[in-house]
Amino acid sequence: MAQISVRDVSKIYKDGVKAVDNVNLGIENKEFMVLVGPSGCGKSTTLRMIAGLEEMSGGNIWIGNRLVNDVPAKDRDIAMVFQNYALYPHMSVLENMSFGLRLRKYPKHEIVRRVQEATEILGIKHLLERRPRQLSGGERQRVALGRAIVRKPQAFLFDEPLSNLDAKLRVQMRTEIHKLRLRLQTTFVYVTHDQTEAMTLGDRIVVMKDGKIQQCADPMTIYDKPANKFVASFIGSPPINLMRGRIIKKERKYYFDEGKFQVKLVEDMYGVMAVYEGKEVIFGIRAEDIYDKLFVSEASPENTIRAACEVVEPLGSEVYLYLHSGRNTFIARVGAHNRPEVNRDMDLVLDMSKVHFFERETEKTIV
């Protein structure tokens, strides 16, 4: 078990492409840290530099109290689980799981004990004599996890381990990884492009874009208080609704004017938003913070808008409404009982205490 410290780490390829740009990150002992972002954002490259599989262009990495810049991957005392499992096809499950220990000349009784322990944790004892080609995707991933567990490393590094699995297996394996983390009580660094995995697994989430960290915080802070427009739009399903408009003032009250509708800001926002009076900003509201007025007991006309319902998408326990204000399209997530008529106007209530505002030029969060 160990802390991991990444300080001013960069990766620049020979063609000048900067994959990782001056990243600073502290991962605590026993913490589950998730690196998330779109393809090409630098998350896997950062993980591979921690593992020692990718050479750094600059900066320092510590694992525990040891500077590991010049330490080979095999001597960093970490275990990595890959997207493609990386199992030896000619070896049995038992041979795959014990291979690393045999290379390190562990005593036979210790190898047997560790493999037995790992197979019991993962429920794969009955698979020990099979070859990888005889296993399902979920079973292969369990074997890859088992091979990492038997090492008893200071930290586990996961590089998109569930992306090759179907939707049902992903949910199942996500639960298994969560249980595994609770049982092993060690440090996990997990890379994914799936924001659902990030939200459900991580103690903290690092959101990356263009090789830079956009925000690092616990999942609910990332969701409720995004640092900028990119974080707000990347985390959350469906994505946050974003609209351009102006801040205006009428009768000592501040409003967001979208062009086709106006909604009043809550008074707590007045002090911050006063400096944006007359300026264009980006307005953000999540789908679950938009309600059908028919199902709201009390609604102020100052936070009620009219929009056309273009599509109704039932999803079992909830319904997505695809709406158009006349200028912007947006989504509302409502209860399963709520199914308005398509191509009809409807009144919607916005929860203005939950909205976000972003600067037009910098896209940084205002409120």
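Structure shown above.
Conventions we followed
Residues numbered from 1 in each chain as written. Predicted model: local features only at pLDDT ≥ 70, side-chain atom pairs only at ≥ 80, totals over all residues. Heavy atoms only, no water. Pairing = 2+ DSSP bridges. Helix = DSSP H or I, 4+ residues; strand = E, 2+ residues; numbered from the N terminus. Axes fitted to C-alpha atoms, helices over the stretch in contact; angles between N-to-C directions. Contact = heavy atoms within 4.5 Å. Buried < 20%, exposed > 50% of the residue type's maximum accessible area, 1.4 Å probe, protein only. Lys, Arg positive; Asp, Glu negative; His and termini not counted. Salt bridge = Lys/Arg side-chain N within 4 Å of Asp/Glu carboxyl O. Core = buried A, V, L, I, M, F, W, Y, C linked by side-chain atoms within 4.5 Å. Parallel < 35°, antiparallel > 145°, perpendicular 65-115°, else oblique. Left-handed = near helix turned anticlockwise from the far one by under 90°. Nonpolar A, V, L, I, M, F, W, Y, C, P; charged D, E, K, R; others polar.

A. Looking closely at the sheet that holds strand 10 (residues 212-217). With respect to topology, six strands assemble into an open sheet ordered 6-7-8-3-9-10, the strand pairing being mixed. Looking along the sheet, the strands with just one partner apiece sit at the ends: strand 6 (78-81) and strand 10. Taking the axes of each pair of neighbouring strands and ignoring which way they run, one obtains an average angle of 15° across the sheet. Packing of helix 1 (residues 43-51) onto the sheet brings it into contact with strand 3 (32-36), strand 6, strand 7 (155-159), strand 8 (187-192) and strand 9 (204-209), and relative to strand 7 it is tilted by some 150°. Contacts between helix 5 (residues 167-184) and the sheet are confined to strand 3, strand 7 and strand 8, with strand 8 contributing the most and set at about 160° to the helix.

B. Structural context of the side chain of Arg147. As for its placement among the helices and strands, Arg147 is situated in helix 4 (residues 137-149). Look at Arg147: it is buried, it has no salt bridge, and the nearest opposite charge is Glu95 at 12 Å. Residues contacting Arg147, with those up to four places away along its chain left out, are Tyr85, Ala86, Leu87, Asn96 and Met97.

C. Representation of the sheet that holds strand 18 (residues 329-335) in the model. Within the open sheet, the five strands sit side by side as 15-19-16-17-18. Their pairing is antiparallel. Looking at strand neighbours, the two that pair on one side only are strand 15 (290-292) and strand 18, the edges of this open sheet. The average angle at which neighbouring strand axes cross in this sheet is 50°, direction not considered. Direction of pairing for strand 17 (residues 318-324) relative to strand 18: antiparallel, over a ladder of seven bridges. Residue pairing across strands places Tyr322 opposite Ile331, the latter belonging to strand 18.

D. Just the environment of Val34, in detail. Checked against the element boundaries, Val34 lands in strand 3. The exposure class of Val34 is buried, given its relative accessible area of 0%. With 184 residues separating them in the primary sequence, Val34 and Asp218 have C-alpha atoms 10.0 Å apart. Excluding its chain neighbours within four sequence positions, the residues that come into contact with Val34 are Tyr190, Thr192, Ala198, Leu201, Gly202, Arg204, Ile205 and Val206.

E. The arrangement of the pattern of salt bridges in detail. For the coordinates displayed, the defined rule picks out 25 salt bridges. The shortest N-O distance in the salt bridge between Arg113 and Glu117 comes to 3.8 Å. A residue pair is termed a helical-turn pair when its members lie 3 or 4 positions apart in one helix, as Arg113 and Glu117 do in helix 3 (residues 108-122) at four residues. Lys229 is paired through a salt bridge with Glu363; the nearest N and O atoms lie 3.3 Å apart. Taken together, the residues Lys229 in helix 8 (residues 229-234) and Glu363 in the segment after strand 20 (356-359) connect sequence positions 134 residues apart. Note on Lys229: relative accessible area 21%, which makes it partly exposed. Through salt bridges with shared partners, one network takes in Glu110, Arg113, Arg114, Glu117 and Lys152.

F. View of the nonpolar core. One finds Met97, Leu145, Tyr190 and Val207 to be the most contacted residues of the largest nonpolar core, which totals 46 residues. Among the nonpolar cores identified, the runner-up in size contains 31 residues, and Phe261, Val263, Leu323 and Val334 belong to it.

G. Region of the structure containing the packing of helix 4 against helix 5. With their axes 11 Å apart at the nearest point, helix 4 and helix 5 run at an angle of 15° to one another. By the angle class used here, helix 4 and helix 5 are roughly parallel. Between helix 4 and helix 5 lies a crossing of right-handed hand. Here Gly138, Gln141, Arg142, Leu145 and Ile149 of helix 4 come into contact with helix 5, specifically with Leu169, Gln172, Met173, Glu176, Ile177, Leu180 and Leu184. Of the residues in the contact of helix 4 with helix 5, the class split is seven nonpolar, three polar and two charged.

H. Inspection of unusual backbone geometry at higher detail. Residues Ser237 and Pro238 are joined by a peptide bond in cis, for which omega reads 0°. Topologically, Pro238 is positioned in the loop between helix 8 and strand 11 (241-250). A positive phi angle, near 60°, is found at Lys105, a position not held by glycine. Relative to the helices and strands, Lys105 resides in the loop between helix 2 (93-103) and helix 3. A positive phi angle is found at Glu251, which is not glycine, with a value near 50°.

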